[in-house]
Amino acid sequence: MRRTAVVKLAVSDEQRDALHRTAEQYLYCANRTADYCWSDASYTECKTNKRQVRDALYSDLREETDLQAQLVQAAIKRAVEAIKGVVERWKKGQRGTQAAHNALLRLGKREEVWRKQYIHTVANEIVTEAVEHDCDVIVFEDLSDIRERLPHAKWHHVWTFRRLYEYVSYKTPEQGVSVEEVAPSYTSQRCSRTDCGFTHEDNRHGERFNCQERGYEVDADYNGAKNIGLRYARKPT
Ligand SMILES: [Zn+2]
């Protein structure tokens, strides 16, 4: 039996905001952790034991944000590593008063840091889900023409999608899963009911899909994702 997990990469304002919020919350967790770990008095007072710091902060940070477990842990880990780096330099006598905060400021300014972390987390979840459901293949929309199809997509969306595809591709071979791409054309307009397939731009209303032919109504991304999967499944091998 051919089982396929499907990832529909859609650019909605909502998702863009969600990514942005996630990034802010990730940064918040990292900074909270750094504040907790840091001591101006002496480097021996700084907390650099990852497990202890996590035990002390994890549940609070989970409550204070709506980040997933993995991201909260990643933020804590990264902040502790930043503090460790500062402590190492302090031991050697190089101590800037604001060193720890500067280290984290850099963390915040370099968007790639959390962005990559986030994409890795998402990629891991996709691969884990595929493995748990015994899937052989993860199918993506072919993103080569994303610039033309979505002229308003910001660079970081395009960048994010490409990285996600890359990371998933890196992670799958050792799990016995392969990654495939299919053409994305009309996947959002086509009715994914296998006995229908009616394709029309009026089928889609923002986040909802409503087939004008038979009234099949579902989440628009879910409909698109089914189409991607079906397109792959029907592809001549
Ligand atoms: Zn239909």
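What you are looking at is a predicted structure, and each value in this text was computed from that prediction instead of being measured.

**Concerning the confidence of the model for the chain**
(1) Moving on: Residue-level pLDDT values for the chain average 82, and 76% of them are 70 or greater.
(2) Moving on: Put simply, helix 4 (residues 99-109) is where the chain has its lowest mean pLDDT, 59, and strand 5 (residues 208-210) is where it has its highest, 94.

**Digging into the sheet that holds strand 5**
(1) Moving on: Strand order across the open sheet formed by three strands is 4-5-6, with antiparallel pairing between neighbours. Looking at strand neighbours, the two that pair on one side only are strand 4 (204-205) and strand 6 (217-219), the edges of this open sheet.
(2) Moving on: As judged from the two bridges shared by strand 4 and strand 5, these two strands associate in the antiparallel manner. Looking at the pairing, Arg204 lines up with Phe209 of strand 5.
(3) Moving on: Its contacts with the sheet place helix 8 (residues 220-234) against strand 4, strand 5 and strand 6, and it is angled at close to 90° to strand 6.

**Overview of helix 8**
Count 3.6 residues to each turn of an α-helix, and residues three or four apart come out pointing the same way.
(1) Moving on: In a regular helix each residue adds 1.5 Å, so 15 residues correspond to 21 Å; helix 8 covers 21 Å between its end C-alpha atoms and thus fits that length.
(2) Moving on: All buried positions along helix 8 are accounted for by Ala220, Asn223, Gly224, Ala225, Lys226, Asn227, Ile228, Gly229 and Arg231.

**Things to note about the environment of Thr194**
(1) Moving on: Here Thr194 shows up in the loop between strand 3 (178-182) and strand 4.
(2) Moving on: With 36 residues separating them in the primary sequence, Thr194 and Leu230 have C-alpha atoms 8.5 Å apart.

**What to know about the nonpolar core**
(1) Moving on: Ala75, Ala79 and Ile83 are the most contacted members of the largest nonpolar core, which totals 41 residues.
(2) Moving on: Those elements giving two or more residues to this core turn out to be helix 1 (13-37), helix 2 (50-64), helix 3 (69-91), helix 5 (111-132), strand 2 (137-141), helix 7 (155-171), strand 3 and helix 8.
(3) Moving on: The element contributing the most residues to this core is helix 3, with 11 residues.
(4) Moving on: Two domains each provide a minimum of three residues to this core, namely domain 1 (4-12 + 135-234) and domain 2 (17-112).

**A short note on the pairing of strand 2**
(1) Moving on: Burial runs high along strand 2: four of the five residues are buried.
(2) Moving on: Of the pairings in the sheet, the one linking strand 2 to strand 3 comprises five bridges and is parallel in character. Residue pairing across strands places Val137 opposite Ser178, the latter belonging to strand 3.

**Observations regarding unusual backbone geometry**
With the exception of glycine, most residues fall at negative phi, and the peptide bonds are largely trans.
(1) Moving on: Non-glycine residue Asp134 carries a positive phi angle of around 55°.
(2) Moving on: Mapping Asp134 onto the fold places it in the loop between helix 5 and strand 2.
(3) Moving on: Assessed through the 11 C-beta atoms surrounding it within 10 Å, Asp134 is described here as exposed.
(4) Moving on: Look at Tyr186: it is not a glycine, yet its phi comes out positive at around 60°.
(5) Moving on: The residue Tyr186 is located in the loop between strand 3 and strand 4 in this model.
(6) Moving on: In this structure Tyr186 comes out as partly exposed when scored by C-beta crowding, with 14 C-beta atoms within 10 Å.

**With respect to the packing of helix 2 against helix 3**
(1) Moving on: For the pair helix 2 and helix 3, the least separation of the axes is 10 Å and the interaxial angle reads 135°. If you check the angle between helix 2 and helix 3, you find them oblique. Considering the relative orientation of helix 2 and helix 3, their crossing is right-handed. Only Val72, Gln73, Ile76, Lys77 and Val80 of helix 3 make contact with helix 2, whose side of the interface consists of Lys50, Val53, Arg54, Leu57, Tyr58, Leu61 and Arg62.

What counts, and at which threshold
Residues numbered from 1 in each chain as written. Predicted model: local features only at pLDDT ≥ 70, side-chain atom pairs only at ≥ 80, totals over all residues. pLDDT = per-residue confidence, 0-100. Helix = DSSP H or I, 4+ residues; strand = E, 2+ residues; numbered from the N terminus. Pairing = 2+ DSSP bridges. Contact = placed C-beta atoms within 7 Å. Axes fitted to C-alpha atoms, helices over the stretch in contact; angles between N-to-C directions. Expected span 1.5 Å × (residues − 1). Buried ≥ 20, exposed ≤ 12 C-beta atoms within 10 Å, placed from the backbone. Core = buried A, V, L, I, M, F, W, Y, C linked by C-beta atoms within 7 Å. Domains from an automatic or database assignment. Parallel < 35°, antiparallel > 145°, perpendicular 65-115°, else oblique. Left-handed = near helix turned anticlockwise from the far one by under 90°.

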